Every structure is written in structure tokens, then in C-alpha cells.
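Here is what each chain is made of, one letter per residue.
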Amino acid sequence: TFLDRVTMGEQVEFKHIPFNVKIQYPFGAKHVGMLVGGTGITPMLQALHALLGTADDETQITLIDSNKNQRDILAYETLSAWE
């Protein structure tokens, strides 16, 4: 995929879609991808709690979180514990 070829530190542009998808758990997908930046991680934490807190849930999760530097990552300790 395109993101597989992006090097560390390289900038990429994304287009914001005009609607906001709000689906409640269970998501009914084998793989959930999350692309967030800055405070956008906050709503994803709820989804991650549901996915990772359900013992028999086998959903694969990919999370890409963009911040200017590591100290700006909200909930860094929580995310690291789930890694």
C-alpha cells in the first residue's frame, strides 16, 4: 500500500471526508484501521477499549497516530501497554 512506502519523517497529505462515520461496537469487521492525529486519538480510545477489552474478540487492529513528537501523544502509556 501507499503507507508501506512512506519513510519516517516524510509528510503526506490526506483529504477529510465530509461525513463522520459512527459505528458502535461490535464493528462486524475482521480488521479495523484507525488513522488519527493529535486529539483525534480520544474517540479511538473508546473503540480500542471495547476491542481489546473483550476476551474473545479476534479483530485485527492497525492504528497510525500522528503527532509532532512523542511527548505530544495523548494516552501514550495506555497505548504502549496495548502494543
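Residues numbered from 1 in each chain as written. Predicted model: local features only at pLDDT ≥ 70, side-chain atom pairs only at ≥ 80, totals over all residues. Heavy atoms only, no water.

1. Some words on the confidence of the model for the protein chain
Step number 1: Of all residues in the protein chain, 95% attain a pLDDT of 70 or more, and the chain-wide mean is 88.
Step number 2: Mean pLDDT across the secondary structure elements of the protein chain bottoms out at strand E1 (residues 31-37), with 91, and peaks at helix H2 (residues 76-82), with 93. (pLDDT = per-residue confidence, 0-100. Helix = DSSP H or I, 4+ residues; strand = E, 2+ residues; numbered from the N terminus.)

2. Quick look at the environment of Lys30
Step number 1: By the secondary structure assignment, Lys30 is in the segment before E1.
Step number 2: Lys30 gets classed as exposed once you look at its relative accessible area, which sits at 76%.
Step number 3: For the pair Lys30 and Gln60, spaced 30 residues apart in sequence, the C-alpha to C-alpha distance is 6.1 Å.
Step number 4: In this structure Lys30 touches Glu58, Thr59 and Gln60, once residues within four positions along its chain are discounted. (Buried < 20%, exposed > 50% of the residue type's maximum accessible area, 1.4 Å probe, protein only. Contact = heavy atoms within 4.5 Å.)

3. A closer look at the packing of aromatic side chains
Step number 1: This model, assessed by the stated rule, comprises one aromatic pair.
Step number 2: Ring plane angle 80 degrees and centroid distance 5.6 Å describe the contact between Tyr25 and Phe27, whose orientation is recorded as edge-to-face.
Step number 3: Residue Tyr25 is classed as partly exposed on the basis of its relative accessible area, which comes to 30%.
Step number 4: In this structure Phe27 comes out as partly exposed when scored by relative accessible area, which is 25%. (Phe/Tyr/Trp six-rings, centres within 6.5 Å; stacked < 30°, edge-to-face > 60°.)

4. Concerning the pairing of strand E2 (residues 60-66)
Step number 1: In terms of strand pairing, E1 meets E2 through seven bridges, oriented parallel. Across the sheet, Val36 pairs through a bridge with Asp65, a residue of E2.
Step number 2: Taken together, E1, helix H1 (residues 41-52) and E2 constitute a β-α-β crossover, and its handedness is right-handed. (Pairing = 2+ DSSP bridges. Right-handed = clockwise from strand over helix to strand, strands pointing away.)

5. A word on the nonpolar core
Step number 1: Residues Val32, Met34, Val36, Ile41, Leu45, Ala47, Leu48, Leu51 and Leu79 constitute the largest nonpolar core, which totals nine residues.
Step number 2: Elements with a minimum of two residues in this core: E1 and H1.
Step number 3: Sorting elements by how many residues they give to this core places H1 first, with five residues. (Core = buried A, V, L, I, M, F, W, Y, C linked by side-chain atoms within 4.5 Å.)

6. Here's the deal with a nonpolar patch on the surface
Step number 1: A cluster of nonpolar residues, Phe2, Leu3, Val12, Phe14, Leu35 and Ile64, forms a patch on the protein surface that exposes about 530 Å² of accessible area.
Step number 2: On the secondary structure map, Val12 appears in the segment before E1. (Patch = residues over 30% accessible without salt bridge, like charges linked within 9 Å, V, L, I, M, F, W, Y side chains within 5 Å. Areas by Shrake-Rupley, 256 points an atom, 1.4 Å probe, with all protein chains shown as cover. Salt bridge = Lys/Arg side-chain N within 4 Å of Asp/Glu carboxyl O.)

7. With respect to the environment of Gln24
Step number 1: With respect to the element layout, Gln24 can be found in the segment before E1.
Step number 2: Sequence separation of Gln24 and Ala50 is 26 residues, and the distance between their C-alpha atoms is 9.5 Å.

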